[in-house]
Amino acid sequence: MSELAEPAAGPPASGLISRSHLGIDPFELRLPASLAEAAAAVANGSWAHAGGIDVAQRLRAGEVADELVPLCAPRRSAGAGLERLTEISLGERSLFIGAGVSHARIESDPLVQAHRPDVAAAWRTIGNVRIRAAGTLGGNLAAFHPGYDAAPILAAAGAELIVAEPDGTEVRCAVADVPRHRLIVGCEIPLSGRVVYDRSLKPVVSVAVGEQAVAIGCAYAATCVIPHGAANPEDVTAAVAALGDPIEDAFATAAYRRRMIDVLVDRCLRMHADPSTSRDDDGIGSPASPSDLASDTAPSDASSRDSAASTAHVEMHPSGEPFTAAAAPVVTPPSDGAVHVGMRLNGESFAAAAPPSEMLVDTIRTRAGLGATRVGCDQAVCGACTVLVDGVPTASCSTFAWQADGRSVLTIEAAGASVGANAHDDVASILPIVQGTFAESSAFQCGYCTPGLILVAAALLARHPDPDRATICDWLDSNVCRCTGYLMVIEAVEAAAAALGEHASTDVSAGSAA
């Protein structure tokens, strides 16, 4: 990274307070050279790291990892099987999705949409725009959290998981039987079948129904899978009753969960039997518009996709740029245990030496002195910490600084600066327009959440220059505002889209006149 500045010496001098790294015990990074090395490390107790949001939350909650094994570094060396983790490919009877594939890519991938559109639709309901961009299939499963979405969807779809033994050999297992301390390589989903997923009552209960199984999430200590085949609903209801009492917590009593399980199972069984009863507004299927946060090199028409059987896709940045195949590793730990991180921050070269546990929000606030990136929930939910990494909304409170190495990072300060090349100029040029319409529409009060809202809106308009209101709401659903009631925020985004349209029309007219 010779084009980047040398890390600044000495402690940060910004005076800004940031605490996202506090409570996380120190850990080391291990960059595997092969799939077998990664599998051996995970078998010995290291944590696999893909998108990393859940890893950050677990560490912040007090769990301890001596070593993280990054699997999806964008500048990771190619070969030795690691590329399989970020692969989507079509086989004779199944669709393979690697463990390192993001939620956003699963929902938008042409192969998934062509051969299992039901899975793509179910995946589109997961999380918010930032979680879909960063979270991965393998990370969702490896957390062993009963409330996460991947396990019930895949179990109902009849998928098999592929895990790597310590020597790198691959074995298959059911979704409900995935072993701990094993590296998840990916899953194979049958090409035939249909899954219906309802998460409208999370975190109380979620239910998925497929041809062979009913899967229940959130309600028990682990995802429960009930084979049902061609059995009638009464048989399924009896099998659910045999599971015993669901958990009781702050979200619901056991009795309420039991009733809601019955409601969702009945609903999903009926909808699975009669697809014409499916509705988007009851929590099943997709929101009005996909997040469109992942790009792919797959052919665009169905016939071309079908002819691409057994062909792996090239993993892409959400920005559309292909990952560099044979570059240096993403990080180079120096002897003092810190990590040298270099990025383009608001178009300018920026470098720092930071401990592996440092969050990107800490680097931005305390080392770069950019205080408009806020710290709110520290759980990738509220959106106050949002920045754009390669043009994609990113929860900087749950993203380690070393994950931004070699990337372009935009904060709200870019709206008032002249950012240069390689800074995702399309998004950067939209930022001041959105900032202006927010001011004109009075789309803020206290202002704490406003930087994140503006950045998400700019990323949306860079991909969808003329979004409808449903699409705007889908994107802004990832940001919490306690003041405005959102209507003025939505109107500000619509005004920015109109202003961008006027600019485009003026540019076309000027070009024609010339």
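Here goes a summary of the coordinates provided. (Residues numbered from 1 in each chain as written. Predicted model: local features only at pLDDT ≥ 70, side-chain atom pairs only at ≥ 80, totals over all residues. Heavy atoms only, no water.)

1. So, the sheet that holds strand β12 (residues 224–227)
On the basis of which strands lie adjacent, the open sheet formed by four strands has the order β9-β10-β11-β12 and antiparallel pairing. Whereas interior strands pair on both sides, the edge strands pair on one side only; in this sheet they are β9 (196–201) and β12. Going from strand to strand, the sheet's axes swing by 15° on average, the running direction of each strand aside. Sheet analysis places β9 next to strand β10 (residues 205–209), joined by four bridges and oriented antiparallel. Of the residues in β10, the one forming a bridge with Tyr 197 is Ala 208. (Pairing = 2+ DSSP bridges. Helix = DSSP H or I, 4+ residues; strand = E, 2+ residues; numbered from the N terminus. Axes fitted to C-alpha atoms, helices over the stretch in contact; angles between N-to-C directions.)

2. Describing the packing of helix α14 (residues 450–463) against helix α15 (residues 469–476)
Two quantities define a packed helix pair, namely the angle between the axes and the distance from one axis to the other. Look at α14 against α15: their axes get within 10 Å of each other, and the N-to-C directions meet at 135°. In terms of orientation, α14 and α15 fall into the oblique class. Crossing of α14 against α15: the hand is right-handed. In this structure, α14 uses Leu 453, Val 456, Ala 459, Leu 460 and Arg 463 to contact α15, whose residues at the interface are Thr 471, Ile 472, Trp 475 and Leu 476. Its residues assigned to classes, the contact of α14 with α15 comprises seven nonpolar, one polar and one charged. (Parallel < 35°, antiparallel > 145°, perpendicular 65-115°, else oblique. Left-handed = near helix turned anticlockwise from the far one by under 90°. Contact = heavy atoms within 4.5 Å. Nonpolar A, V, L, I, M, F, W, Y, C, P; charged D, E, K, R; others polar.)

3. Observations regarding the nonpolar core
Counting residues in each nonpolar core, the largest one holds 37 residues, and the members touching the most others are Leu 431, Val 434, Phe 438, Leu 453, Leu 461, Leu 476 and Val 493. Taken together, the elements giving at least two residues each to this core come down to α13 (425–440), α14, α15 and α16 (487–513). Ranked by residues supplied to this core, first place goes to α14 with nine residues. Ignoring anything within four residues of it in the chain, the contact list for Leu 453 reads Phe 438, Leu 476, Asn 479, Cys 481 and Val 489. (Core = buried A, V, L, I, M, F, W, Y, C linked by side-chain atoms within 4.5 Å. Buried < 20%, exposed > 50% of the residue type's maximum accessible area, 1.4 Å probe, protein only.)

Everything listed here is a matter of coordinates, which is why it stays silent on function.
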